[in-house]
Amino acid sequence: TGSSRPQRLLKAVQRNAAKGDPQSVISAIDYFCRHSEWAMNVGDEKGSILDSVVSEVSPTTALELGTYCGYSTVRIARLLPPGASLITLEFNPDYAAVARQVIAHSGLQDKIHLVEGPSGDSIPKLKERFGITSLDFVFLDHWKDRYVPDTKLLEECGLLRKGSVLLADNVICPGAPEYLDYVRNNPRYESRYFQSHLEYTNVEDGLEKSVFLG
Ligand SMILES: Nc1ncnc2c1ncn2CCCCCNC(=O)c1cc(-c2ccc(F)cc2)cc(O)c1O
Ligand SMILES: [Mg+2]
């Protein structure tokens, strides 16, 4: 059988990006997705908004839900302060296998912990497994119907503290209407919408930034 799209994306990284250079890994993936095959990475336009929020928060402990090929994993990890770390959860073992190699190519593997399995199973184990007390930043980019249950789970597990920042991808396309409803009508969150476009297209999409008020 033939290769998968994530495997072809990985080949493009290994061919076109310099080892140990996160920016060249990001650029190689964006080039591949614009000129060869579209893939569901957050992309360069929404990626710039992600960068600005990560830089503003400068998280010591960050969580990503939905690794896919590791594009946003590398985008986030390259901006972390020294000693900080990013935990990323991926359900699909084939995606996880590709992501590990993309992350290795970037040279950022020491800042990243990739955990395979359903987010609903992994979230309750984060405290004991990684010795964390709370999360400074969460990037939601997995199944859109898991955004609300997993946000509630993060609250219930005591992983959010006053000031924790949640940033959700795809709130318009494919859409996460229940999530927008939840964070916008909940007094425990201060939410703001960043309008943008679906990766590598001119279809409307955007990111929702929500600060947990405790
Ligand atoms: N319980 C769990 N925990 C963790 N990961 C888990 C999980 N359960 C599943 N997964 C694994 C994630 C599945 C992929 C999620 N992302 C997406 O589905 C996604 C799709 C589009 C898209 C837009 C327009 C189109 F026409 C087609 C596709 C764009 C994006 O930016 C996306 O992030
Ligand atoms: Mg996405």
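An account of the accompanying structure is given in this report.

**Overview of the pattern of salt bridges**
Here comes step 1: Within the structure shown, the criterion is met by 15 salt bridges.
Here comes step 2: Taking the shortest distance from any N to any O, the salt bridge between E199 and K46 comes out at 2.7 Å. Note that E199 is positioned in the loop between strand 6 (189–197) and strand 7 (204–212) and K46 in helix 3 (residues 43–57), a separation of 153 residues in sequence.
Here comes step 3: According to the relative accessible area criterion, E199 is buried, its value standing at 3%.
Here comes step 4: Among the salt bridges present, the one from E56 reaches K209, with a minimum N-O distance of 3.1 Å. Linking E56 in helix 3 with K209 in strand 7, this pair joins segments that are 153 residues apart in sequence.

**Let's talk about unusual backbone geometry**
Here comes step 1: Cis peptide bonds are those with omega within 30 degrees of zero, and the linkage from C173 to P174 qualifies with 5°.
Here comes step 2: Its location among the elements puts P174 in helix 9 (residues 171–175).

**Here's the deal with the pairing of strand 4 (residues 135–140)**
Here comes step 1: Within strand 4, six of the six residues are buried, leaving the element largely enclosed by the surrounding structure.
Here comes step 2: Taken together, the four bridges between strand 1 (residues 61–65) and strand 4 define a ladder with parallel strand orientation. What sits directly across from L65, in strand 4, is L140.
Here comes step 3: Sheet topology places strand 4 next to strand 5 (residues 160–168); five bridges connect them, and they run parallel. Within the sheet, the bridge partner assigned to F137 lies in strand 5 and is V165.
Here comes step 4: Taken together, strand 4, helix 8 (residues 147–156) and strand 5 constitute a β-α-β crossover, and its handedness is right-handed.

**Things to note about the site of ligand 1**
Here comes step 1: The immediate surroundings of ligand 1 are formed by 16 residues, with D141, W143, K144, N170 and E199 found nearest.
Here comes step 2: A distance of 2.8 Å separates an oxygen atom of ligand 1 from a polar side-chain atom of D141.
Here comes step 3: Between K144 and ligand 1, the recorded distance is 3.0 Å, taken from a side-chain N or O atom to an oxygen atom.
Here comes step 4: Notes on ligand 1: free accessible area 700 Å², of which the protein chains cover 80%.
Here comes step 5: Across the shell around ligand 1, the residue classes tally to seven nonpolar, three polar and six charged.

**A few points about the environment of P81**
Here comes step 1: Tracing the chain through its elements places P81 in the loop between helix 4 (71–77) and strand 2 (85–90).
Here comes step 2: Once residues within four sequence positions are removed from consideration, P81 is found in contact with S58, P59 and K111.

**Thoughts on the coordination of the magnesium ion (ligand 2)**
Put simply, a metal with four donors set out as a tetrahedron has ideal angles of 109.5 degrees, and one with six donors set out as an octahedron has ideal angles of 90 or 180 degrees.
Here comes step 1: Taken together, the protein donors to the magnesium ion (ligand 2) comprise D141 (OD), D169 (OD) and N170 (OD1), at separations of 2.0 to 2.2 Å.
Here comes step 2: Read from N- to C-terminus, the donor residues coordinating the magnesium ion (ligand 2) fall into the pattern D-x27-D-N. In this pair, the class of D169 matches that of N170, namely buried.

**Some points on the side chain of D150**
Here comes step 1: When you line up the elements, D150 lands in helix 8.
Here comes step 2: Here R146 takes part through its side chain, which lies 2.6 Å from a polar atom of the side chain of D150.
Here comes step 3: Those residues in contact with D150, other than ones at most four positions away along the chain, are L65, S119, G120, I123 and H142.

Basis of the calculations
Residues numbered from 1 in each chain as written. Chains lettered and ligands numbered in written order. Predicted model: local features only at pLDDT ≥ 70, side-chain atom pairs only at ≥ 80, totals over all residues. Heavy atoms only, no water. Salt bridge = Lys/Arg side-chain N within 4 Å of Asp/Glu carboxyl O. Helix = DSSP H or I, 4+ residues; strand = E, 2+ residues; numbered from the N terminus. Buried < 20%, exposed > 50% of the residue type's maximum accessible area, 1.4 Å probe, protein only. Pairing = 2+ DSSP bridges. Right-handed = clockwise from strand over helix to strand, strands pointing away. Near = heavy atom within 4 Å. Polar contact = N/O pair within 3.5 Å; in protein donor to acceptor, adjacent residues only side chain to side chain. Areas by Shrake-Rupley, 256 points an atom, 1.4 Å probe, with all protein chains shown as cover. Nonpolar A, V, L, I, M, F, W, Y, C, P; charged D, E, K, R; others polar. Contact = heavy atoms within 4.5 Å. Donors = N, O, S within 2.8 Å, 3.2 Å for Na, K, Ca; no water.

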